[in-house]
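Here's the letter readout for the chains.
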Amino acid sequence: MVSLELVYYFAGGALIVGLLFGIVLGFALSGGRGGEPAGAPPPPRTETGVAMIREPDGTWRIEVGKQRYRHLREIHDHRAALLVLEAMQALQAMLRESTPTLPAESRLQGPAPAEQLDRILQELLQEHPELLYRAVRLETLPDGTLGILIGTQRYQRVEDVPDPELRALLREAIQRWLQGGPRP
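Residues numbered from 1 in each chain as written. Predicted model: local features only at pLDDT ≥ 70, side-chain atom pairs only at ≥ 80, totals over all residues. Heavy atoms only, no water.

Student: How would you sum up helix α3 (residues 113-127)? Please name residues and give values.
Tutor: Along its 15 residues, α3 runs 21 Å from first to last C-alpha, staying within 8% of the 21 Å computed at 1.5 Å per residue. Of all the positions in α3, only Ala114, Gln116, Leu117, Asp118, Ile120, Leu121, Leu124 and Leu125 are classed as buried. Packing partners of the buried residues in α3 comprise β4 (136-140), β5 (146-150) and α4 (164-178). (Helix = DSSP H or I, 4+ residues; strand = E, 2+ residues; numbered from the N terminus. Expected span 1.5 Å × (residues − 1). Buried < 20%, exposed > 50% of the residue type's maximum accessible area, 1.4 Å probe, protein only. Contact = heavy atoms within 4.5 Å.)

As structure tokens, this is what we get:
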């Protein structure tokens, strides 16, 4: 009979050989680089970004990394302050390089674009009596974006409007406006 001690030595030796074989095989398959598989993309760079974020109430915040600030004086971290200053200098340089000018057509003397679009929409609604029961209005929201008011429900995008016929009519109004529809 084989002694129990000999079985333990044999099992332990087999375990050690198996582990060594697994380590060597894993190292060989990874291209000799350790834990990364061959052909894996390099890890992403981790830099702290600076962002200007407009809150729903219309106020602006500066975000550095994951920290938001309302005023520059709130930034007490020296590295964060330097990043914000660097971002502001880059933005100023971009503005100096290209001064954006609006086309003459967009410098409106008359009604705002939302009012112009609403007039076109109201004319289209008259042409579609099956949709006249819907109280639909286009308006300029406080943040300057276009608002779509259907009854008491407000939408910010045409895609958000649930009624496909109204969506199509809104798209048609926008298309007519872009093509130079009535602009008093």
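Student: An account of a nonpolar patch on the surface is needed here, citing residue identities and associated values.
Tutor: A contiguous nonpolar patch, built from Leu72, Leu82, Leu85 and Met88 and spanning about 360 Å² of accessible area, is present on the exposed surface. Tracing the sequence through the fold places Leu85 in helix α2 (residues 78-97). On the basis of relative accessible area, Leu85 is assigned to the partly exposed category, the value being 46%. (Patch = residues over 30% accessible without salt bridge, like charges linked within 9 Å, V, L, I, M, F, W, Y side chains within 5 Å. Areas by Shrake-Rupley, 256 points an atom, 1.4 Å probe, with all protein chains shown as cover. Salt bridge = Lys/Arg side-chain N within 4 Å of Asp/Glu carboxyl O.)

Student: Report on the sheet that holds β4, specifying residues and quantitative values.
Tutor: Strand order in the open sheet formed by three strands is β4-β5-β6, and the pairing between neighbours is antiparallel. Strand pairing shows two members of the sheet lacking a second neighbour, β4 and β6 (153-155), which therefore form its edges. Taking each pair of neighbouring strands and ignoring which way they run, the sheet shows an average axis angle of 25 degrees. The pairing of β4 with β5 spans five bridges and is classified as antiparallel. Within β5, the residue paired with Thr140 across the bridge is Leu146. Sheet strands touched by α3: β4 and β5. Its angle to β4, the strand with the most contacts, is close to 170 degrees. (Pairing = 2+ DSSP bridges. Axes fitted to C-alpha atoms, helices over the stretch in contact; angles between N-to-C directions.)

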